[in-house]
Amino acid sequence: MRVGIFSDIHSNLEALDAVLQFLHSQGADCFACCGDIVGYGPDPRACIEKIRALRGPVVAGNHDWGVLGQTPVHQFNLAARAAIEWTKGQLDESDVSYLESLSLTERFEPLYLVHASPSAPEQWEYIFVVSEAEAEMDYFSTRVCIVGHSHYPFVVERRNDGRAKLVRRQRFEIRSGAKYVVNVGSVGQPRDGDPRACCVLFDDDTKLMSFHRVEYDVKAVQEKILRAGLPEFLATRLSSGR
Ligand code: ZN
């Protein structure tokens, strides 16, 4: 089994299409999505439709909950809030009921999916540093916890000897006995300085996991964002990946 893993699509259809095409080309036969399908971008309905059609688990993110009115708006900055309000006006009943159907966590052996953090999924806290990832290791019982939320890819491994460290390789093995927190970055709004869409491939036979960056038509998305009347910053930041 090959799992295509990704998160934080944020209504960016061009980026999602590019990632799905890439993952299919790499033999992915199922998918795992860590949430924030909507928010920020111009194509919420088309993104929901694509994700819905995939085989595999999907969890809810804070923007998905924001659109449903389940995350208080004061938790979002002005641009995010404006995009959430705009998105609410775009979705139909079946889109809304799909978002409502998403759980905050999903177990998909050997993976555990949660948008923000396994210790408090509904608090939407960020995991930024190794010690924060290490503190989360006792809150899931699978070998790998997949998160998104910060739009910043990283891997923290806790070995048998109990020490946690950053894994700095693009491709790495999920070792037996060790535990991992893997942030799979963002499809639709990367913030690590690389504007290309981010995704991960996991081969359940070889236990190899690898990060990939995929080019997409940034300009087309920026034009759609401006045409929709969404905040200009949401368009410009896509060029720099910040
Ligand atoms: Zn996000």
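Here is a short report on the structure shown in this document.

Rules behind the numbers
- Residues numbered from 1 in each chain as written.
- Predicted model: local features only at pLDDT ≥ 70, side-chain atom pairs only at ≥ 80, totals over all residues.
- Heavy atoms only, no water.
- Buried < 20%, exposed > 50% of the residue type's maximum accessible area, 1.4 Å probe, protein only.
- Helix = DSSP H or I, 4+ residues; strand = E, 2+ residues; numbered from the N terminus.
- Contact = heavy atoms within 4.5 Å.
- Phe/Tyr/Trp six-rings, centres within 6.5 Å; stacked < 30°, edge-to-face > 60°.
- Lys NZ or Arg CZ within 6 Å of the ring centre and 35° of its normal.
- Salt bridge = Lys/Arg side-chain N within 4 Å of Asp/Glu carboxyl O.
- Donors = N, O, S within 2.8 Å, 3.2 Å for Na, K, Ca; no water.
- Tetrahedral: all angles 85-135°; square planar, octahedral: opposite > 155°, others 65-115°.
- 1 Å grid on protein atoms, 1.4 Å probe; cavity = no way out; pocket = protein on both sides within 12 Å on 5 of 7 lines; lining within 4 Å.
- Points joined across faces, edges and corners; volume = space filled by probe spheres on them.
- Nonpolar A, V, L, I, M, F, W, Y, C, P; charged D, E, K, R; others polar.

1. What about helix α7 (residues 218-227)?
Okay, so step 1: Buried within α7 are the following residues: Val 218, Ala 220, Val 221, Gln 222 and Ile 225.
Okay, so step 2: Residues of α7 that are buried sit in contact with α1 (13-25) and α8 (232-240).
Okay, so step 3: Backbone geometry just after α7 places Gly 229 at a positive phi near 80°.

2. A few points about the packing of aromatic side chains
Note on aromatic pairs: each is described by the distance of the centres and the angle between the planes.
Okay, so step 1: Within this structure, the stated rule accounts for five aromatic pairs.
Okay, so step 2: Measuring from centroid to centroid gives 6.5 Å for Tyr 112 and Phe 140, while their planes differ by 10°, and the two rings are stacked. Taken together, the residues span a long stretch of sequence, with Tyr 112 in strand β4 (residues 111-114) and Phe 140 in the loop between α6 (130-136) and β5 (144-147) at a distance of 28 residues.
Okay, so step 3: Overall, the relative accessible area of 14% leaves Tyr 112 in the buried class.
Okay, so step 4: Measuring from centroid to centroid gives 5.3 Å for Tyr 126 and Phe 128, while their planes differ by 10°, and the two rings are stacked.
Okay, so step 5: Taken together, the ring pairs connect Phe 172, Tyr 180 and Phe 211 into an aromatic cluster.
Okay, so step 6: The cationic tip of Lys 179 hangs over the ring face of Phe 140; the distance from NZ or CZ to the ring centre is 4.4 Å.

3. Things to note about the pattern of salt bridges
A side chain with one charge can pair with a side chain of the opposite charge if their charged atoms come near.
Okay, so step 1: A complete count under the given rule lists 17 salt bridges for this structure.
Okay, so step 2: Two residues, Arg 45 and Asp 92, come together in a salt bridge whose shortest N-O distance is 2.5 Å. Here Arg 45 is found in helix α2 (residues 44-52), whereas its partner Asp 92 is found in the loop between α4 (78-90) and α5 (93-101), with 47 residues between them in sequence.
Okay, so step 3: Given the relative accessible area of 39%, Arg 45 is considered partly exposed.
Okay, so step 4: By relative accessible area, Asp 92 is classed as partly exposed at 30%.
Okay, so step 5: For the salt bridge of Glu 85 with Lys 88, the shortest nitrogen-to-oxygen distance reads 3.3 Å. Placement of the pair is Glu 85 and Lys 88 together in helix α4, with a separation of three residues, close to one helical turn.

4. Some thoughts on the coordination of the zinc ion
Okay, so step 1: The zinc ion binds to the protein through Asp 8 (OD), His 10 (NE2), Asp 36 (OD) and His 151 (NE2), with metal-donor distances spanning 2.0 to 2.5 Å.
Okay, so step 2: Metal-centred angles of 86 to 177° between the four donor atoms at the zinc ion mark the site as irregular.
Okay, so step 3: Judged by relative accessible area, which is 1%, Asp 36 ranks as buried.

5. Considerations on unusual backbone geometry
Okay, so step 1: Across the junction of Glu 109 and Pro 110, the peptide omega takes the value 5°, indicating a cis bond.
Okay, so step 2: With respect to the helices and strands, the residue Pro 110 is situated in the loop between β3 (105-108) and β4.
Okay, so step 3: Phi is positive for His 149, which is not a glycine, with a value near 80°.
Okay, so step 4: Mapping His 149 onto the fold places it in the loop between β5 and β6 (154-158).
Okay, so step 5: Positive phi is not limited to glycine here, since Lys 207 has a value of about 65°.
Okay, so step 6: Of note, Lys 207 is situated in the loop between β10 (197-203) and β11 (208-214).

6. Digging into the layout of surface pockets
Okay, so step 1: Estimates place the volume of the largest pocket at around 240 Å³.
Okay, so step 2: If you trace the largest pocket, you find 14 residues lining it, with Pro 153, Phe 154, Val 155, Val 167 and Arg 168 closest to the centre.
Okay, so step 3: Considering every element that reaches the lining of the largest pocket, the biggest residue donor is β6, with three residues.
Okay, so step 4: Of the residues that constitute the lining of the largest pocket, the class distribution is eleven nonpolar, one polar and two charged.
Okay, so step 5: Quantified by volume, the second largest pocket comes out at close to 190 Å³.
Okay, so step 6: Around the second largest pocket, the lining comprises 16 residues; the ones closest to its centre are Asn 62, His 63, Gln 75, Phe 76 and Tyr 126.
Okay, so step 7: The residue inventory of the lining of the second largest pocket, partitioned by class, reads five nonpolar, eight polar and three charged.

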